[in-house]
Amino acid sequence: MTKELIEKWAEGHTPLRIVEIKTQEHIRRGLFQGIQPEGCFLFLWIPGLAPEVKSIEDLHLEAVGIVTKYEANEIVSIKQI
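Residues numbered from 1 in each chain as written. Predicted model: local features only at pLDDT ≥ 70, side-chain atom pairs only at ≥ 80, totals over all residues. Heavy atoms only, no water.

1. Here we look at the side chain of T23
Selection criterion: Strands are runs of DSSP state E lasting at least two residues, helices are runs of H or I lasting at least four, and both sets are numbered from the N terminus onward. Residue exposure (1.4 Å probe, protein chains only): buried if accessible area is under 20% of the type maximum, exposed if over 50%, otherwise partly exposed. Two N or O atoms form a polar contact when they lie within 3.5 Å of each other; inside protein one atom must be a possible hydrogen donor and the other a possible acceptor, and for residues adjacent in sequence the pair counts only when both atoms belong to side chains. Contacts were defined at the residue level, with two residues in contact if any of their heavy atoms lie within 4.5 Å.
Within the secondary structure, T23 is located in strand β1 (residues 18-23). Judged by relative accessible area, which is 5%, T23 ranks as buried. In terms of polar contacts, T23 uses its side chain to reach the backbone amide nitrogen of E25, at 3.2 Å. Apart from the residues within four sequence positions on either side, T23 is in contact with Y70, E74 and V76.

If you want it as structure tokens, here you go:
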């Protein structure tokens, strides 16, 4: 994706929403954290996040996440769950 596409996607999506990030190497689910000024996508990857979890309110336990920063050119697609 391009920086412009990422910024446009972020305009319609609020932080702390569960999203699925697809790169060439993997698909990960977690929480959208925001966009940095240079266009990097901040993401809290939650390993093992169950497919039935659609929002932060659906998490019934403390989740351990890994803060991840993606450059625009690393992202193939972003999908809000």
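Once the structure has been displayed, the description carries forward.
2. As for the nonpolar core
Convention followed: Definition used in this section: a nonpolar core is a set of buried Ala, Val, Leu, Ile, Met, Phe, Trp, Tyr and Cys residues joined via side-chain atoms within 4.5 Å.
Counting residues in each nonpolar core, the largest one holds 12 residues, listed as I6, W9, A10, V19, I21, F32, F41, F43, Y70, A72, I75 and I78. Elements represented by at least two residues in this core include exactly α1 (3-11), β1, β3 (41-45) and β5 (75-80). In terms of residues, this core owes the most to one element, α1, which gives three residues. Ignoring anything within four residues of it in the chain, the contact list for V19 reads W9, R28, R29, G30, F32, F41, F43, I78, K79, Q80 and I81. Counting residues in hydrophobic clusters, the runner-up holds six residues, among them I18, L31, L44 and V53.

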